Every structure is written in structure tokens, then in C-alpha cells.
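Here is what each chain is made of, one letter per residue.
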Amino acid sequence: LLLIAWVMSRESAYDEKSDIRPVTYLQKLRFGPKTDLPKSMQIGVSIFGLFGIGFMGGVLTGLMGVSGGVLFMPILVLGVGLAPHLAVGTSLSVVLIASVAAVVKKTISLDLSGTGKISLPIAFSLLAAGTVGVRIGIYISHKIHGKKLKKYFSIIVLAAALMVSANLVISF
């Protein structure tokens, strides 16, 4: 988390409004097939690289319930070369589909007591409040420049890393 926060807080190598984009990691992959991403002005992006990112993100999400924003936002900005606002929307769409699949699997998986592995009262409470929060977050996001959005993302990830670290220290 600390590494993600540090990397995301660094200045971009390009201006979001410029037509010139640096070559990204997925463009440097030498094996194809390749595709063009017109919205991000990326040419020759490895489809296998995109599948690899999706696969690893899915494994980590399914294994640990890691939020897609923490995983996919930095990967999409730094690895794929998307602008922060485009990365947020893309990440949300990936997380939506992956989450539905995970919820279905967790619902039909029975634990030792013979019930599913989801607390519906907690899930519905978080969903109700989260739906309102998402709308507010999207409204605020539209008012923030991409560079600031990256900085704020870094601060949130840093705060999460500090909370996890404090919890680890307290548990010893």
C-alpha cells in the first residue's frame, strides 16, 4: 500500500490534455495480439497483458476481497496509461462485474453452519450508504483535475496503509 501511495503521488509523465502519450508497459510487451485504445490514445496495447492484469486482479479480489480501486486504479494509470478519470470509470466497471460473480459464488458456498458466507444485514447497510456515497464521489470527481485525483488517491491509500500498520502493531 505504501508503494502504491508513493508511486501514484508522483507527477505524471504527460499532460492529460496533450495528444502525446509516453509508451506504456503494455505497449512494450513484445507478444501479441495488440489492440488500440482510442479513448486513452494508446496504440498497440498487448491484449495478453490486459488479460493478465484482469486475471491477477480477479484472483486477489476473490482471495482477499481487495478493492478494485486499490488494485486497478494504479495499474490502469501507470501500466496501461489511462488518464485518472478514465481509470476510475474503467475500474468501477471491472469491479462491478467481478463483484457480482464473487457474491454469487460466496452466496452458494456454504460454511460449517450450512449458510452462505455473506452477512446480508451488513451487506445491505453498506450498499445503501455506499450508493449515496458513490454519487457524491462521482460529483466531486468531475470537479477535480486528474493530477489532484491521483494525489487524493495516494493520501487515501497511505491512510489505509497506516491503519493496517497500526492494527498490526497493536495486535502484537
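Conventions adopted
Residues numbered from 1 in each chain as written. Predicted model: local features only at pLDDT ≥ 70, side-chain atom pairs only at ≥ 80, totals over all residues. Heavy atoms only, no water. Helix = DSSP H or I, 4+ residues; strand = E, 2+ residues; numbered from the N terminus. Buried < 20%, exposed > 50% of the residue type's maximum accessible area, 1.4 Å probe, protein only. Contact = heavy atoms within 4.5 Å. Areas by Shrake-Rupley, 256 points an atom, 1.4 Å probe, with all protein chains shown as cover. pLDDT = per-residue confidence, 0-100. Core = buried A, V, L, I, M, F, W, Y, C linked by side-chain atoms within 4.5 Å. Pairing = 2+ DSSP bridges. Axes fitted to C-alpha atoms, helices over the stretch in contact; angles between N-to-C directions. Parallel < 35°, antiparallel > 145°, perpendicular 65-115°, else oblique. Left-handed = near helix turned anticlockwise from the far one by under 90°. Nonpolar A, V, L, I, M, F, W, Y, C, P; charged D, E, K, R; others polar. Patch = residues over 30% accessible without salt bridge, like charges linked within 9 Å, V, L, I, M, F, W, Y side chains within 5 Å. Salt bridge = Lys/Arg side-chain N within 4 Å of Asp/Glu carboxyl O.

*Asks:* Would you take a moment to explain the overall build of the chain for this structure?
*Replies:* Summing up its helical and strand segments, the chain has 7 helices and 2 strands in all. N-terminal to C-terminal, the α/β element order of the chain is α-α-β-β-α-α-α-α-α. Split into buried and exposed, the 172 residues of the chain put 24% on the buried side. Across the chain, contacts joining residues at least 24 apart in sequence account for 47% of those joining residues at least 6 apart. Accessible area for the chain stands at about 11800 Å²; split by element, carbon and sulfur atoms hold 74% of it.

*Asks:* What am I meant to see in the side chain of Ser-154 here?
*Replies:* If you trace the backbone, Ser-154 turns up in helix H7 (residues 146-171). Look past the residues within four positions of Ser-154 in its chain and what remains in contact with it is Ala-5, Met-8 and Ser-9.

*Asks:* Mind showing me how you'd approach the confidence of the model for the chain here?
*Replies:* Keep in mind that low pLDDT regions are not for reading the predicted coordinates in detail. Averaged over all residues, the pLDDT of the chain equals 79, while 85% of them reach at least 70. The spread of mean pLDDT over the elements of the chain runs between helix H1 (residues 2-9), the lowest at 74, and helix H6 (residues 120-142), the highest at 87.

*Asks:* Is there a simple way to think about the side chain of Ser-46 in this case?
*Replies:* Along the chain, Ser-46 falls in strand S2 (residues 42-46). In this view, Ser-46 contacts Leu-26, Leu-29, Phe-31, Pro-33 and Lys-34; residues no more than four positions away in its chain are not counted.

*Asks:* Just checking my understanding: could you explain the nonpolar core for this structure?
*Replies:* What tends to happen in soluble globular proteins is that the nonpolar side chains get buried as a cluster. Judged by nonpolar contacts, the single largest core of 14 residues is most densely connected at Met-73, Leu-76, Val-80 and Ala-87. Contributing elements (two or more residues each) for this core: H1, helix H4 (68-80) and H7. It is H4 that contributes the most residues to this core, 5 residues altogether. Ignoring anything within four residues of it in the chain, the contact list for Leu-76 reads Gly-81, Leu-82, Ala-87, Thr-90 and Ser-91.

*Asks:* What exactly am I supposed to notice about the pairing of strand S1 (residues 34-37) here?
*Replies:* Across 3 bridges, the pairing between S1 and S2 is antiparallel. Looking at the pairing, Lys-34 lines up with Ser-46 of S2. Taking the residues that link successive antiparallel strands as the turn, the S1-S2 hairpin has 4 residues, and the phi of Met-41 there is positive, at about 55 degrees.

*Asks:* What is the right way to read the packing of H1 against H7 from this model?
*Replies:* How two helices sit against one another is set out by the angle between their axes and by the gap between those axes. The geometry of H1 relative to H7 is characterised by a closest axis approach of 8 Å and an angle of 165 degrees between their N-to-C directions. What the angle tells us is that H1 and H7 run roughly antiparallel. Crossing handedness for the pair H1 and H7: left-handed. Across the interface between the two elements, Leu-2, Ile-4, Ala-5, Met-8 and Ser-9 from H1 touch Lys-150, Lys-151, Phe-153, Ser-154, Val-157, Leu-158 and Ala-161 from H7. For the contact of H1 with H7, the residue count by class is 8 nonpolar, 2 polar and 2 charged.

*Asks:* Explain the packing of helix H5 (residues 84-108) against H7 here, please?
*Replies:* Contact geometry for H5 and H7: axes closest at 8 Å, N-to-C directions at 55 degrees. Between H5 and H7, the angle falls in the class oblique. Side by side, H5 and H7 meet where Pro-84, His-85 and Val-88 of the first sit next to Gly-146, Leu-149 and Lys-150 of the second. Across the contact of H5 with H7, the residue classes break down as 3 nonpolar, 2 polar and 1 charged.

*Asks:* Help me understand a nonpolar patch on the surface in this model?
*Replies:* A surface patch of nonpolar side chains, amounting to about 550 Å² of accessible area, comprises Phe-55, Met-56, Val-59, Leu-63 and Met-64. One can find Phe-55 in helix H3 (residues 47-64).

*Asks:* Please explain the environment of Ala-83 as it appears in this structure.
*Replies:* By secondary structure assignment, the location of Ala-83 is in the loop between H4 and H5. Measuring from C-alpha to C-alpha, the distance between Ala-83 and Lys-147 comes to 9.1 Å, with 64 residues separating the pair along the chain.

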